[in-house]
Amino acid sequence: MTHTFPVHVYYEDTDLAGIVYYANYLKFIERARTEWVRDLGIDQVKLKEEDGIVFAVRRVEADYLAPAKFDDDLTVETALETMTGARIVMTQVVKRGGDVLFSAQVTIVALTATGHPARLPANLRRNLH
């Protein structure tokens, strides 16, 4: 299942040429991941408070394919690629209309509040499938 999240490009997202600054794509996909998890019924605050588990980005492999510009309406699509006991790998693409501007493979890991690896709770794994 693919999750879709809309993003509008504001002036603050761009460089002097009116093109989206490369690091802002990482912000766009972070917001999309947060909303994807929320839409799956996972409360990250509750997960931290009750289970002591937080998520951290372990790896991002990104391709910048074409520039987004000031005032563009974009869509971030997020899809689960694989999942293990403590790791989630997803594909995220940023599109303008049907054109893919940016794509990334993102690896997220579950950690304890002290930074040690943690298993994803069973109910979380069920929600992600």
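Structure shown above.
Not measured: the values here are computed from a predicted model.

(A) A look at the nonpolar core. Counting 31 residues, the largest nonpolar core has Leu-74, Val-76 and Leu-128 as its most contacted members. Mapped onto this core, the elements with two or more residues apiece are strand 1 (2–8), helix 1 (24–39), strand 3 (73–83), strand 4 (87–96), strand 5 (99–112) and helix 3 (122–128). Leaving out residues up to four positions away in the same chain, Val-76 has contacts with His-3, Thr-4, Phe-5, Val-7, Phe-28, Ile-29, Ala-32, Gln-92, Val-93 and Val-94.

(B) Representation of the pattern of salt bridges. Using the criterion set out here, one finds five salt bridges in the structure. In this structure, the salt-bridge partner of Arg-59 is Glu-61, at a minimum N-O distance of 3.2 Å. The residue Arg-96 makes a salt bridge to Asp-72 at a minimum N-O spacing of 2.7 Å. Pair noted here: Arg-96 is in strand 4 and Asp-72 is in the loop between strand 2 (53–64) and strand 3, with a separation of 24 residues, a long-range link.

(C) Fine view of the sheet that holds strand 2. A sheet is described by the order of its strands in space; here five strands give the open sequence 1-3-4-5-2, paired in antiparallel fashion. A strand with exactly one partner marks an edge of an open sheet, and here the two such strands are strand 1 and strand 2. In this sheet, adjacent strand axes meet at a mean angle of 25° when their direction is disregarded. Direction of pairing for strand 1 relative to strand 3: antiparallel, over a ladder of seven bridges. Within strand 3, the position partnered with His-3 by the bridge is Thr-78. Against the sheet, helix 1 engages strand 1, strand 2, strand 3, strand 4 and strand 5, with an angle of about 135° to strand 1.

(D) The arrangement of the side chain of Lys-95 in detail. Looking at the secondary structure, you find Lys-95 in strand 4. A distance of 3.4 Å separates polar atoms of two side chains, one belonging to Lys-95 and the other to Glu-77. In contact with Lys-95, not counting residues within four places along its chain, are Asp-73, Leu-74, Thr-75, Glu-77, Val-100 and Leu-101.

What counts, and at which threshold
- Residues numbered from 1 in each chain as written.
- Predicted model: local features only at pLDDT ≥ 70, side-chain atom pairs only at ≥ 80, totals over all residues.
- Heavy atoms only, no water.
- Core = buried A, V, L, I, M, F, W, Y, C linked by side-chain atoms within 4.5 Å.
- Buried < 20%, exposed > 50% of the residue type's maximum accessible area, 1.4 Å probe, protein only.
- Helix = DSSP H or I, 4+ residues; strand = E, 2+ residues; numbered from the N terminus.
- Contact = heavy atoms within 4.5 Å.
- Salt bridge = Lys/Arg side-chain N within 4 Å of Asp/Glu carboxyl O.
- Pairing = 2+ DSSP bridges.
- Axes fitted to C-alpha atoms, helices over the stretch in contact; angles between N-to-C directions.
- Polar contact = N/O pair within 3.5 Å; in protein donor to acceptor, adjacent residues only side chain to side chain.

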